[in-house]
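Coordinates in review
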Amino acid sequence: MLNNYTRITIFLTLVFSLLLSSCSRLGYGILLWSIDDPPIDSGTVLPVYIKSNIEKIWVVGVPDTLKSQKDYKKEVPLTQLEFIGNKRKAEKRAQEFSQYALSYAENLQDGLPIRDNTDNNSRRVYRLRLGEIIKILDVEKGNPPISTTGDPLPGDWYKVLTSDGTIGYCFSYRLKIFDQREGSVQSSLSAQRESTPDPELDSVLSRIWSAEIYSQMINTKRFNIQSLEKKYRFDPGQETGIARIVLPEIESQFNYQRIISEGDRAWNFEGSDLQMVLRSYTTLAVQFTDNTGVKHTHLFVNLPSKVDDLILEENARRETQFMTIYEQGPVFTSHNYGTITFLQTGDFTWTGYDLLVPYLISADTRGSGRIDMDLYISPSYEERFNGAFSMRFSDIRSNNTIYLLYAIDNQGLRLEAVPEFGIEDVTVMRRSSSPVVLYFFKDTPF
């Protein structure tokens, strides 16, 4: 006698068998990842009979030439088949896909990221193991990663599929592209090794690490745009296998094979003497030993804002500062020191400054140039001055720049020349012991 459990099992098996043997189908789809048994190439149009979200599979029909028995069916992971529906549309899609239907790639860089967009700064959705095989789905336009020389890396952004179903974009510089007829679509032994997840490393590699001096700029709210534009940083180089340190005093690169854990929040770049230690969520210490045996440690920070955003904000501040002077004038005249005209573009012209030659203004200067609101003032000067700026004369022969504190009142503009030694980084810290003070009245229309 059969018990109830056995009867139910037999009944369900019969129902499932009837479904598989029926001729009803959901539609047609394109195989994205080839099948070994029976051998079906990716890009093949297949009839689709069942979709199981629970089992995460499609049940598809096998091409007639490969059937070993009537109505032979095959299970395919959901992510390895693109369901189209209509057969004619599926065949059209297969034609579009044919250029990459047999294209796969082997990863040559442990930790190479797959991203959610075709940009090196976009979010990482997957980290490839060394030797891992991925399926090429398409080529896409995007921004190439930058090499250690500052030039774009050669290669293309590919839309790719991993064996576990992750879809994203990967730059080809560290990929070996091959046709499935030329090599196995199974991952090499190095990729089959046991891989211990390292979420902290993933977190470190997903963030941008900028020079510590930028954090100091944010804390003091005093920004040096020239320094920001240099993009001083530490780049782990997941796309290239070349880590890079870029700082005012050093620019070095380190070739490595993979990044391996060396204990609590510490990692070695295998194949080089480079190490990194995560001191806090936002602070990363990077260490290496130079050719003389001296060990160097540099700190990098994960900023709350992108460097490009800091540059935009600082430019906006400078424009606002300049407009306070422009709107007060824009023409200012002194009986002794001539007339300064500020233009809305940030340029200026100055005539009649003969009494200031040569101790403040060069004799061969032609009297025009550009105002750069690139200076800050010490807090001790804030009661007497509104700010400071650089006046850069544009005459090529002199390349003359003077630095001026300024104060605005109802009648005009007071300027005080600042010696270059009185400026530290971008801040006026000291005045001259015998300051040159210039007062200009604003022109009043009759």
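Residues numbered from 1 in each chain as written. Predicted model: local features only at pLDDT ≥ 70, side-chain atom pairs only at ≥ 80, totals over all residues. Heavy atoms only, no water.

1. Things to note about the confidence of the model for the protein
- Confidence in the prediction of the protein, expressed as mean pLDDT, is 88, and 88% of residues score 70 or more.
- Scored below 50 in pLDDT, residues 17-22 shows seven contacts in the model against residues more than four places distant or in partner chains. (pLDDT = per-residue confidence, 0-100. Contact = heavy atoms within 4.5 Å.)

2. Some points on empty space enclosed by the protein
- With the rule as written, the count across this model stands at one cavity of 30 Å³ or more.
- Approximately 40 Å³ is the volume attributed to the largest cavity.
- Considering the residues around the largest cavity, the lining is formed by D110, G111, R127, L201, L205, Q238, Y256 and I259.
- Residues belonging to the lining of the largest cavity are distributed by class as follows: four nonpolar, two polar and two charged. (1 Å grid on protein atoms, 1.4 Å probe; cavity = no way out; pocket = protein on both sides within 12 Å on 5 of 7 lines; lining within 4 Å. Points joined across faces, edges and corners; volume = space filled by probe spheres on them. Nonpolar A, V, L, I, M, F, W, Y, C, P; charged D, E, K, R; others polar.)

3. Considering unusual backbone geometry
- Of note, the bond from D37 into P38 is cis; its omega dihedral lies within 30 degrees of zero at -5°.
- Counting through the fold element by element, P38 comes out in the loop between β1 (27-31) and β2 (45-52).
- Residue G329 is joined to P330 through a cis peptide bond whose omega torsion reads 5°.
- Structurally, the position occupied by P330 is in the loop between α7 (307-328) and β22 (331-334).
- Even without being a glycine, K221 presents a positive backbone phi close to 60°. (Helix = DSSP H or I, 4+ residues; strand = E, 2+ residues; numbered from the N terminus.)

4. So, helix α2 (residues 87-97)
- All of the buried residues along α2 are A90, A94 and F97. With its buried residues spanning 65° around the axis, α2 presents them on a single face. Facing away from the buried side of α2, by more than 90 degrees, are the exposed residues R88, K89, K92, Q95 and E96.
- Those residues of α2 hidden inside the fold are in contact with β1, β2, β5 (81-85) and β9 (133-140). (Buried < 20%, exposed > 50% of the residue type's maximum accessible area, 1.4 Å probe, protein only. Arc of directions from axis to C-beta.)

5. As for the sheet that holds strand β4 (residues 73-77)
- Reading across the sheet, the five strands line up as β4-β3-β2-β1-β5 and stay open at both edges, with antiparallel pairing between neighbours. The open sheet terminates on both sides in strands that have one partner only, identified here as β4 and β5. Each strand axis lies, on average, 45° off the axis of its neighbour in the sheet, ignoring direction.
- Taken together, the four bridges between β2 and strand β3 (residues 57-61) define a ladder with antiparallel strand orientation. Paired with S52 across the bridge in β3 is I57.
- The strands touched by α2 within the sheet are β1, β2 and β5, with β1 carrying the most contacts at an inclination of about 10°. (Pairing = 2+ DSSP bridges. Axes fitted to C-alpha atoms, helices over the stretch in contact; angles between N-to-C directions.)

6. A short note on the packing of aromatic side chains
- Across all of its chains, the model carries 19 aromatic pairs by this definition.
- With 5.3 Å between their ring centres and 15° between their planes, W58 and F83 make a pair best called stacked. With W58 in strand β3 and F83 in strand β5, this pair connects stretches of sequence that are 25 residues apart.
- The partly exposed category is assigned to F83, whose relative accessible area is 33%.
- Plain terms: the ring middles of F234 and F300 are 5.8 Å apart, the flat faces sit at 40° to each other, and that makes the pair tilted. Within this pair, whereas F234 is found in strand β14 (residues 233-235), its partner F300 is found in strand β21 (residues 295-301), the two being separated by 66 residues in sequence.
- Look at F234 and you get buried, because its relative accessible area is 3%. (Phe/Tyr/Trp six-rings, centres within 6.5 Å; stacked < 30°, edge-to-face > 60°.)

7. Things to note about the layout of surface pockets
- Approximately 1,100 Å³ is the volume found for the largest pocket.
- As for the largest pocket, its lining consists of 38 residues, and the residues nearest its centre are N120, N121, I208, R233 and D235.
- The set of elements that each furnish at least two residues to the lining of the largest pocket consists of β13 (209-211), β14, β15 (242-247) and α7.
- In terms of residue count, the dominant contributor to the lining of the largest pocket is β14 (three residues).
- Taken together, the residues that form the lining of the largest pocket break down as 13 nonpolar, 13 polar and twelve charged.

8. Concerning the nonpolar core
- With 36 residues, the main nonpolar core has F234, I245, L274 and M276 as its most contacted residues.
- At four residues, β15 tops the list of elements feeding residues into this core.
- Residues within four places of M276 in sequence aside, it is in contact with L201, V204, L205, F234, I259, R265, A266, W267, F269, L284, A285 and V286.
- Judged by nonpolar contacts, the second largest core, of 27 residues, contains M323, W350, L360 and L413. (Core = buried A, V, L, I, M, F, W, Y, C linked by side-chain atoms within 4.5 Å.)

9. Focus: the pattern of salt bridges
- Under the defined criterion, the tally for this structure stands at 19 salt bridges.
- Salt-bridge contacts for K231 lead to D308; the nearest nitrogen and oxygen are separated by 3.1 Å. Note that K231 is positioned in the loop between α6 (225-229) and β14 and D308 in helix α7, a separation of 77 residues in sequence.
- The exposure class of K231 is partly exposed, given its relative accessible area of 32%.
- The class for D308 is partly exposed, based on a relative accessible area of 43%.
- The partner of D372 in a salt bridge is R392, and the shortest N-O contact between them spans 3.6 Å. (Salt bridge = Lys/Arg side-chain N within 4 Å of Asp/Glu carboxyl O.)

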